[in-house]
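What follows is each chain in one-letter form.
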Amino acid sequence: MSVIENIKMALSSLRAHKMRSILTMLGIIIGVGSVIAVVAVGQGGEAMLKSQIVGEGNTIELFYMPSDEELQTSPDVMSPFTQEDLRAVESIPEVTQVVATSSEFGSVRYRENTLDSSITGINQAYLDVNELEVASGRNLLSADFLGGRRTAIVSASFQEELFDGKNPLGQVVYVHSQPVEIVGVLKKPTGMLAFGTNDMYLPWNTWRTVFATNDISQVTLQADNAEDLQKAGKKAAGMLNQMHHTEEAYQVMNMEEIAAGIGQVTRVMTIIIGSIAGVSLLVGGIGVMNIMLVSVTERTREIGVRMSLGATRGQILFQFLVESVTLTLIGGAVGIMLGGSAAAIVSYFAGWPALVSWPVIVGGLLFSMVIGVVFGILPANKASRLNPIESLRYE
Amino acid sequence: MIRLQSIVKSYPIAKEQVNVLKGIDLTIRQGEFTAIMGPSGSGKSTLMNIIGCLDRPTSGKYLLHGERVSQLDENELARVRNRSIGFVFQQFQLLPRLNALKNVELPLIYAGKPKKEREELAIDALDKVGLSDRMNHLPNELSGGQKQRVAIARAIVNQPDLILADEPTGALDTKTSIQIMELFTMLNQEGTTIAVVTHENEVAEHAGRIVLVRDGILVQDDRTAVNKGEDAE
Ligand SMILES: Nc1ncnc2c1ncn2[C@@H]1O[C@H](COP(=O)(O)OP(=O)(O)OP(=O)(O)O)[C@@H](O)[C@H]1O
Ligand SMILES: [Mg+2]
């Protein structure tokens, strides 16, 4: 007697008690669904946290964290990087780009209005690594960077606040009494957690004229892959410490450690919440066992008839086992779909990727089957041990 | 083909072993049509269950086709029931959710026959009992006589050489009973060995041999009717 035959038989007997089958499946659906949702949300969250650390563009930031003694010898904590530092770091073979920025918070004047804004000088590499999407006007060009032109792009909220939403393109604003022409406005940031800030971006050469300083406050390296990045970061930090005669003032984050730490934290969270969800799966499994026991009792006569017609005990056992596995497998499949959808919805609002991976789906289905076998074996065994004569007489 | 020697069957009743069958000796030859009669509780059904390999005797020797049944394991017994024996019950014992055709197919499923062959054989069997026009009906859409004919079709579908019927007409009216017995007579004429338990003389009259059981003992074996059997052993 083939497995397909048994599955057909199982389906028809499940159909005969639709309501009961659906209610029994509900336990499995909720159990599998919640486990899948928790795991998917957890994995999505972990992926998002990791990508934020490593940065989508494979970038790493150089930190300047001088000790107390070092602080006394180097007064400028805010702008710790020099032009030479930049050139030295650029020469490291693993480094593909070096992003240099300098930032100040200051007021910008347009006619009689002033606005407090962050004013950032960027080099051209910045545009390759960070996407600054322009909604109107144009982005900064090579000519702006090389020539140190007095051009700037501003954020959408900058435009709203200083220009009252009017077209700022071609207008001249004053930063530190120095005129700068606005050539582009950035797109409004999207996403739930994004809110508009007042930002102004100048070519770095312009920034240094305006603020009359050569120093750079932030240096970010980019490499082709995470491994090179870590290497480049270490080399750069070593190089800078040597050049500045400092011990450990220049540092990079050890992303591997941090990523591993985050992975551990999210995994522990996932396991804790997942095992709470797993309890509902256990309850669902017990529901399956309960219903299968009822079903065996109800079908005592059927079992007797089948035995008298030549069914072996093994065949009866298999029949009921297939039935419970069919029940849990359908429940599991529906649970995976619902749990996956729930994870997708949560991830959409939280703004991180929904990860319902194939291993999770296959694992979920296999696990549903295991539940069916584990909780089906007792009823199936009971069925196979019935005495055919007594079963035939059963009322 | 059936040889029972001092078959004893006891059941534990109120902490005591009560002998329900007290040493039955009975030989049934290939092609015989035997009626088993006797008062209620005399052990007829118990005897039939032992012959049908649904139950084992407490002691005694049972040879079926010259083979000692007590030496067969559970799976071999199931195989014997499947291949060599067809059961017909008083309560029909059709599976209520399966239509007539599917009910008749059941023994073939356990015989491992492929679907197409199953269907053909089942239709043939239903044809033989005159119900090929009812094969898609569920049991509760059939009359008592029709149900019993479906059950007979199910009993013969695997072409067993022995049919055991425990009060097959017990739930039917006289006219239908006669139809069912005529069906058995026809099958017997085709060579199938048949044993029928009954309380009714009109039913027993169809058999060539009447065996009387009383209180677990075979008290009378009447072969006055023409012996249609030939000794197979
Ligand atoms: N499983 C059992 N446990 C205990 N006693 C049993 C069991 N099965 C049958 N008996 C007893 O064995 C005796 C014979 O039963 P059996 O069913 O063989 O009688 P029968 O001749 O078929 O009767 P009837 O004509 O009413 O069907 C009865 O007294 C019955 O109570
Ligand atoms: Mg009886």
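Going along each chain's sequence as written, the residues are numbered from 1 onward. To label them, take the chains in the order written and letter them from A, then take the ligands in the order written and number them from 1. pLDDT decides what is reported in this predicted model: residues at 70 or higher carry local features, side-chain atom pairs at 80 or more are listed and counted, and totals for whole chains, interfaces and linings draw on all residues regardless. Only heavy atoms go into the side-chain values, all of them from the structure, while hydrogens and water stay out.

## Examining the packing of aromatic side chains
Residue and element names in this part refer to chain A.
Moving on, step 1. Note on aromatic contacts: the rings of Phe and Tyr and the six-membered ring of Trp form a pair at centre separations within 6.5 Å, being stacked when their planes are under 30 degrees apart, edge-to-face when over 60 apart, and tilted otherwise. Scanning the entire structure with this criterion turns up seven aromatic pairs over all chains.
Moving on, step 2. Where Trp-207 meets Phe-211, the ring centres are 4.5 Å apart and the plane angle is 35°; that geometry is what we call tilted. Here the residue Trp-207 and the residue Phe-211 both occupy positions in helix α8 (residues 204-211), the gap between them amounting to four residues, near one helical turn. With respect to burial, Trp-207 and Phe-211 carry one shared label: buried.
Moving on, step 3. Members of the aromatic cluster, each reached through a chain of ring pairs, are Tyr-64, Phe-81 and Tyr-250. Helical segments are the DSSP runs of H or I of at least four residues, strand segments are the runs of E of at least two, and each set is numbered from the N terminus. Each residue gets one of three labels from its accessible area relative to the maximum for its type: buried under 20%, exposed over 50%, partly exposed in between, using a 1.4 Å probe on protein chains only.

## Overview of the layout of surface pockets
One simple way to see leftover space: roll a probe sized like a water molecule over the atoms.
Moving on, step 1. Considering only enclosed or pocket space, the second largest pocket measures out at about 640 Å³ in volume.
Moving on, step 2. Lining the second largest pocket are 28 residues, and of these A:Arg393, B:Ser45, B:Asn49, B:Gln90 and B:Asp166 sit closest to its centre.
Moving on, step 3. Where the lining of the second largest pocket is concerned, the elements lending two or more residues are α14 (388-393) of chain A together with α1 (44-51), β6 (85-89) and β7 (162-166) of chain B.
Moving on, step 4. Looking at the lining of the second largest pocket, the element that brings in the most residues is α1(B), giving five residues.
Moving on, step 5. Within the lining of the second largest pocket, the residues separate by chemical class into 11 nonpolar, 11 polar and six charged. Detection works on a 1 Å grid of protein atoms alone, calling trapped sets that fit a 1.4 Å probe cavities and calling open sets with protein on both sides within 12 Å along at least five of seven lines pockets, with lining residues defined by an atom within 4 Å of a point. Grid points are joined across faces, edges and corners, and a volume is the space filled by probe spheres set on the points. Each residue gets one label: Ala, Val, Leu, Ile, Met, Phe, Trp, Tyr, Cys and Pro are nonpolar, Asp, Glu, Lys and Arg are charged, and the others, such as Gly, are polar.

## Let's talk about the site of ligand 1
Moving on, step 1. Residues are counted as near a molecule or strand when any one of their heavy atoms sits within 4 Å of it. Of all residues adjacent to ligand 1, which total 14 residues, the nearest are B:Ser40, B:Gly41, B:Lys44, B:Ser45 and B:Thr46.
Moving on, step 2. Each of chains A and B places residues near ligand 1.
Moving on, step 3. A 3.5 Å cut-off defines polar contacts: any pair of N or O atoms within that distance qualifies, except that in protein one atom must be a possible hydrogen donor and the other a possible acceptor, and neighbouring residues in sequence count only when both atoms are side-chain atoms. Separating an oxygen atom of ligand 1 from a side-chain N or O atom of B:Lys44 is a distance of 2.7 Å.
Moving on, step 4. Bound to the protein, ligand 1 loses 68% of the 630 Å² it would expose on its own.
Moving on, step 5. Of all the cavities here, the one that holds ligand 1 is the second largest pocket.
Moving on, step 6. Of all the secondary structure elements, the ones that give two or more residues to the shell around ligand 1 are β1 (2-13) and α1 of chain B.
Moving on, step 7. Looking at the shell around ligand 1 element by element, the count peaks at three residues for α1(B). In these tables, accessible area is a Shrake-Rupley quantity obtained with a 1.4 Å probe, and a residue counts as shielded only by the protein chains included in the view. Criterion for pocket placement: a molecule counts as inside a cavity or pocket if more than half of its atoms are within 2 Å of its grid points.

## A word on the nonpolar core
Moving on, step 1. Put simply, a nonpolar core is a bunch of buried Ala, Val, Leu, Ile, Met, Phe, Trp, Tyr and Cys residues held in one set by side-chain atoms that sit within 4.5 Å of each other. Residues A:Leu62, A:Phe158, A:Val173, A:Met200 and A:Leu221 are the most contacted members of the largest nonpolar core, which totals 41 residues.
Moving on, step 2. The next biggest cluster of nonpolar side chains, apart from the first, holds 38 residues, and it includes B:Ile2, B:Met48, B:Ile50 and B:Leu77.

## Some thoughts on the interface of chain B and chain A
How big an interface is tends to be stated in terms of accessible area lost as the parts join.
Moving on, step 1. The interface is formed by 20 residues belonging to chain B together with 22 residues belonging to chain A.
Moving on, step 2. When a carboxyl oxygen of Asp or Glu is within 4 Å of a side-chain nitrogen of Lys or Arg, the pair counts as a salt bridge. Between chain B and chain A we count two salt bridges in total.
Moving on, step 3. Seen at the junction of chain B and chain A, the total is seven residue pairs in polar contact (both at pLDDT 80 or more).
Moving on, step 4. Counting only elements with at least two residues in the side of chain B that touches chain A, the list comes to α2 (74-83), β6 and α3 (100-110) of chain B.
Moving on, step 5. Here the side of chain B that touches chain A takes five residues from α2(B), the largest share from any one element. Working rule for contacts: check all heavy atoms of both residues, and any pair within 4.5 Å makes them a contact.

## Let's talk about the pattern of salt bridges
Pairs may arise between side chains of opposite charge once their charged atoms sit close together.
Moving on, step 1. Counted according to the given criterion, the structure contains 23 salt bridges over all chains.
Moving on, step 2. If you follow the salt bridges from partner to partner, you end up with A:Arg299, A:Glu302, A:Arg306 and A:Glu323 in one network.

## A few points about the packing of helix α4 (residues 83-90) of chain A against helix α9 (residues 226-243) of chain A
Geometry of a packed helix pair, given as the angle between the helix axes and the separation of the axes.
All names here are of chain A.
Moving on, step 1. Interaxial angle, 0 to 180 degrees, is taken between N-to-C directions of lines fitted to C-alpha atoms, where a helix line uses only the stretch in contact. Packing of α4 against α9 brings their axes to within 10 Å, and their N-to-C directions diverge by 145°. Of the two possible hands of crossing, α4 and α9 adopt the one that is right-handed. Residues Glu-84, Asp-85, Ala-88 and Val-89 of α4 lie in contact with α9, whose contacting residues are Ala-236, Met-239, Leu-240 and Met-243. If you view the pair so one helix is near and one far, a crossing is left-handed when the near helix is turned anticlockwise from the far one by less than a right angle, and right-handed when it is turned clockwise.

## What to know about the sheet that holds strand β3 (residues 33-37) of chain B
Residues and elements named next belong to chain B.
Moving on, step 1. The pairing criterion for strands is at least two bridges between them, as found by DSSP. With mixed pairing, six strands are arranged side by side in an open sheet as β6-β7-β8-β3-β9-β10. Whereas interior strands pair on both sides, the edge strands pair on one side only; in this sheet they are β6 and β10 (217-222). When strand polarity is set aside, the average angle formed by the axes of neighbouring strands in this sheet is 20°.
Moving on, step 2. Summarising the sheet, β6 and β7 pair through five bridges and their orientation is parallel. Its bridge partner being in β7, Phe-87 is matched across the sheet by Leu-164.
Moving on, step 3. Of the strands in this sheet, β3, β6, β7, β8 (193-197) and β9 (209-214) touch α1, which is tilted by about 155° from β7.

## Topic: a nonpolar patch on the surface
Moving on, step 1. Nonpolar side chains (Val, Leu, Ile, Met, Phe, Trp, Tyr) within 5 Å and like charges within 9 Å form the patches, drawn only from residues with over 30% relative accessible area and no salt bridge. Where nonpolar side chains cluster on the molecular surface, the patch consists of A:Val265, A:Val268, A:Met269, A:Ile272, A:Ile273 and A:Ile276 and spans about 560 Å² of accessible area.
Moving on, step 2. Given the relative accessible area of 39%, A:Ile273 is considered partly exposed.

## Here we look at the sheet that holds β1(B)
Residues and elements named next belong to chain B.
Moving on, step 1. In spatial order, the strands read β2-β1-β4-β5; together these four strands make up an open sheet with antiparallel pairing. The strands lining the two open edges of the sheet, one partner per strand, are β2 (16-28) and β5 (67-68).
Moving on, step 2. Here strand β4 (residues 59-64) runs beside β5; their pairing, made up of two bridges, is antiparallel. Note that in β5 the partner of Leu-63 across the bridge is Arg-68.
Moving on, step 3. Contacts from α1 reach β1, β2 and β4, with the element oriented near 120° to β1.

## Section: empty space enclosed by the protein
Moving on, step 1. Within the structure shown, the criterion is met by five cavities of 30 Å³ or more.
Moving on, step 2. Put simply, the parts of the chain that give the lining of the largest cavity at least two residues each are α1 (3-16), α2 (18-54) and α10 (255-298) of chain A.
Moving on, step 3. Looking at the lining of the largest cavity element by element, the count peaks at three residues for α10(A).
Moving on, step 4. Estimated volume of the second largest cavity: approximately 60 Å³.
Moving on, step 5. Forming the boundary of the second largest cavity are A:Ser308, A:Leu309, B:Arg81, B:Asn82, B:Ile85, B:Gly86, B:Phe87, B:Pro107, B:Arg154, B:Ala155, B:Asn158 and B:Pro160.
Moving on, step 6. Elements with a contribution of two residues or more to the lining of the second largest cavity: α2, β6 and α5 (144-156) of chain B.
Moving on, step 7. Partitioned by chemical class, the residues of the lining of the second largest cavity number six nonpolar, four polar and two charged.

## Topic: the confidence of the model for chain A
Moving on, step 1. Confidence per residue, as judged by the predictor, is encoded in pLDDT with a range of 0 to 100. Of all residues in chain A, 95% attain a pLDDT of 70 or more, and the chain-wide mean is 86.
Moving on, step 2. Per-element mean pLDDT across chain A ranges from 73 in helix α3 (residues 68-73) of chain A up to 96 in helix α11 (residues 300-308) of chain A.

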